[in-house]
Amino acid sequence: MIDMKWIRNDPEKVKENIRKKFQDEKLPLVDEVVELDQKFREAKVQGDELRSQRKSISKKIGALMGQGKKEEAEAVKAEVGAIGTKLEELEKAETELSARIREIMLVIPNFIDDSVPIGKDDTENVELRRWGEPTHFDYEPQAHWDLGADLGILDPETAAKVTGKRFHFYRGLGCRLERSIIAFFMDTHSAHGYTEIFPPFIANKDSMTGTGQLPKFAEDMYKLEGLDYYLIPTAEVPVTNMYRGDIIDGSKLPMSFCAYSACFRGEAGSAGRDTRGLIRQHEFNKVELVKFTKPEESYAELEKLTHDAERVLQLLGLPYRVVVLSTGDLGFSSAKTYDIEVWMPSYGRYVEISSCSDFEDFQARRASIRYKENPKDKAKLVHTLNGSGVAVGRTVAAIMENYQNPDGSITVPEVLRPYMGCDRITKQDTGML
């Protein structure tokens, strides 16, 4: 969350930031917090004064009793009791005000970095660079879902029967391709300074709140019935929350982690979008990159993280572009985000395969993640960053479409051949002849 000081000292700046994100419906919340905060501080001052009075008056009781002035002592006791009643009322008000303030603060978006372009939605994102040329064919290329069906390696129909829509069974070499990509990503990132993590795929409410999934995206989460647990939407959640409530040794920063996980998303509000194939699934695999940095190193580390995500696409030979998200397309928790979009021939356009974001201290404040340069120093909030390194299912789709051949076979990218044990996926290999 943002620092409460911003709302106290410059509520108009907070409102300006909300307008830049085109979320004007949240503007009244700023005024509400200002009013509630004023009431909270007044209640706290009154409470402190009453506690001081009670302490001072209470000292008289023993003295009066010692002097045999029982009636006067009883009168003082009654006065102390009345103060106690008022204090209970004030403390209840403080608790209620504090809870409502936190409730609002949890839904006010992060501040946007000055370098982010102003724009209402993804149509106003700004392209920064491209790598490779879009793949062109001298025949009509097939979509990955058709290629997968013909080769017998993708089976959404059986998954729909077993589970529901937007799930997939992989079969045969489709399975091997998926796990080969995961291994290749993890090997590549760990070789470039990332510590490998294999996290749990379930997180509690505090963890979901710490990274900003709750309460904002509650409808998109899979909650376990009767439990305070959620299936994770990304490994960002468990990896970032490894340090929730901790003070990190500043000499260890920046810290970089890569983690494979299954991811689970309800995709609320996405009805009708990318309903076929592997692009928008309720369950999918992803390798995530997470960094903890000092504030002054934050944006340099964002550039490094983005290039690290790009590296695996370059090694796979997949054409892509990098865009910086406009304010209206920027995520709730992010101060700045680069999207990496891979070329998909069947779509005739680039499709997001990675988002790399700097949250500055937004998540760290929610999750109380701090660091100290020296033991006697005051603890400071770290900056957190993450990025897909990258989405595995979308990589499978991109490989299938960009490496397809006229006979419907798929050429395996060279870097994956040691993992796959073959250089092509054909109907003969999959038993579909």
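Residues numbered from 1 in each chain as written. Predicted model: local features only at pLDDT ≥ 70, side-chain atom pairs only at ≥ 80, totals over all residues. Heavy atoms only, no water.

**Q** When you look at the overall build of the chain in this model, what are you seeing that I'm missing?
**A** Within the chain one finds 14 helices and 18 strands. Rg of the C-alpha trace for the chain: 28 Å, well past the compact-globule value of 22 Å for 433 residues, more than 25% over. Overall, the C-alpha framework of the chain stretches about 105 × 45 × 45 Å when taken along its three principal axes. Out of the 433 residues belonging to the chain, those deemed buried represent 50%. (Helix = DSSP H or I, 4+ residues; strand = E, 2+ residues; numbered from the N terminus. Rg over C-alpha atoms; globule rule 2.2 N^0.38 Å. Buried < 20%, exposed > 50% of the residue type's maximum accessible area, 1.4 Å probe, protein only.)

**Q** Is there a simple way to think about the packing of helix 5 (residues 144-151) against helix 12 (residues 392-402) in this case?
**A** Axis angle and axis distance: for two packed helices, these are the angle between their axes and the distance between the axes, and together they describe the pair. Look at helix 5 against helix 12: their axes get within 9 Å of each other, and the N-to-C directions meet at 80 degrees. The angle between the axes of helix 5 and helix 12 places the two elements in the roughly perpendicular class. Here helix 5 contributes His144, Leu147 and Gly148 to the contact with helix 12, which in turn contributes Ala397, Met400 and Glu401. (Axes fitted to C-alpha atoms, helices over the stretch in contact; angles between N-to-C directions. Parallel < 35°, antiparallel > 145°, perpendicular 65-115°, else oblique. Contact = heavy atoms within 4.5 Å.)

**Q** In this structure, what is going on with the nonpolar core? I would like to understand it.
**A** Note on soluble globular proteins: their nonpolar side chains tend to be buried together. Judged by nonpolar contacts, the single largest core of 51 residues is most densely connected at Ile181, Phe185, Leu313, Ile340, Leu416 and Ile425. The element that contributes the greatest number of residues to this core is helix 7 (residues 173-190), accounting for seven residues. Core analysis: the second largest hydrophobic core is formed by 21 residues, Met1, Ile108, Phe332 and Phe362 among them. (Core = buried A, V, L, I, M, F, W, Y, C linked by side-chain atoms within 4.5 Å.)

**Q** Looking at this structure, I do not really get unusual backbone geometry. What am I missing?
**A** Keep in mind that most residues, glycine aside, have a negative phi and that most peptide bonds are trans. A cis geometry characterises the amide bond from Leu214 onward to Pro215, with omega recorded as 0 degrees. Cis geometry is adopted by the peptide bond preceding Pro254, which originates at Leu253 and carries an omega value of 0 degrees. With respect to the helices and strands, the residue Pro254 is situated in the loop between strand 8 (247-249) and strand 9 (255-264). Positive phi, close to 60 degrees, is recorded for Phe22, a residue that is not glycine. One non-glycine residue with positive phi stands out, namely Ser368, at about 55 degrees. Here Ser368 shows up in the loop between helix 11 (362-367) and strand 14 (370-372). Looking at Ser368, the relative accessible area reads 29%, which means it is partly exposed.

**Q** Where do I start with the pairing of strand 16 (residues 383-391) in this structure?
**A** By the criterion of burial, strand 16 is predominantly enclosed, with nine of the nine residues buried. Sheet analysis places strand 13 (residues 349-358) next to strand 16, joined by three bridges and oriented antiparallel. Bridged to Cys356 within strand 16 is Gly387. (Pairing = 2+ DSSP bridges.)

**Q** What is the right way to look at the sheet that holds strand 4 (residues 195-197) in this model?
**A** Adjacent strands of a sheet pair through backbone hydrogen bonds, lying either parallel or antiparallel. Strand order across the open sheet formed by eight strands is 1-11-12-13-16-10-9-4, with mixed pairing between neighbours. Two strands bound the open sheet, and with one partner strand each, they are strand 1 (126-131) and strand 4. Adjacent strand axes in the sheet meet at a mean angle of 25 degrees, parallel and antiparallel pairs treated alike. Relative to strand 12 (residues 336-344), strand 11 (residues 320-324) runs antiparallel, the two sharing five bridges. Of the residues in strand 12, the one forming a bridge with Arg321 is Glu341. Packed on one face of the sheet, helix 10 (residues 298-316) meets strand 1, strand 10 (283-293), strand 11, strand 12, strand 13 and strand 16 and runs near 10 degrees to strand 16.

**Q** Where do I start with the packing of aromatic side chains in this structure?
**A** The geometry of an aromatic ring pair is captured by two quantities: the separation of the ring centres and the angle between the planes. Considering all chains together, one arrives at 14 aromatic pairs under this definition. Relative to Phe185, the ring of Phe184 lies with its centre 5.8 Å away and its plane at 45 degrees, an arrangement referred to as tilted. Accessibility classification places Phe184 together with Phe185 in one group, the buried group. One aromatic cluster is present, formed by Phe184, Phe185 and Tyr419 through successive ring pairs. Against the face of Tyr230 rests Lys223, its NZ or CZ located 5.7 Å from the ring centre. (Phe/Tyr/Trp six-rings, centres within 6.5 Å; stacked < 30°, edge-to-face > 60°. Lys NZ or Arg CZ within 6 Å of the ring centre and 35° of its normal.)

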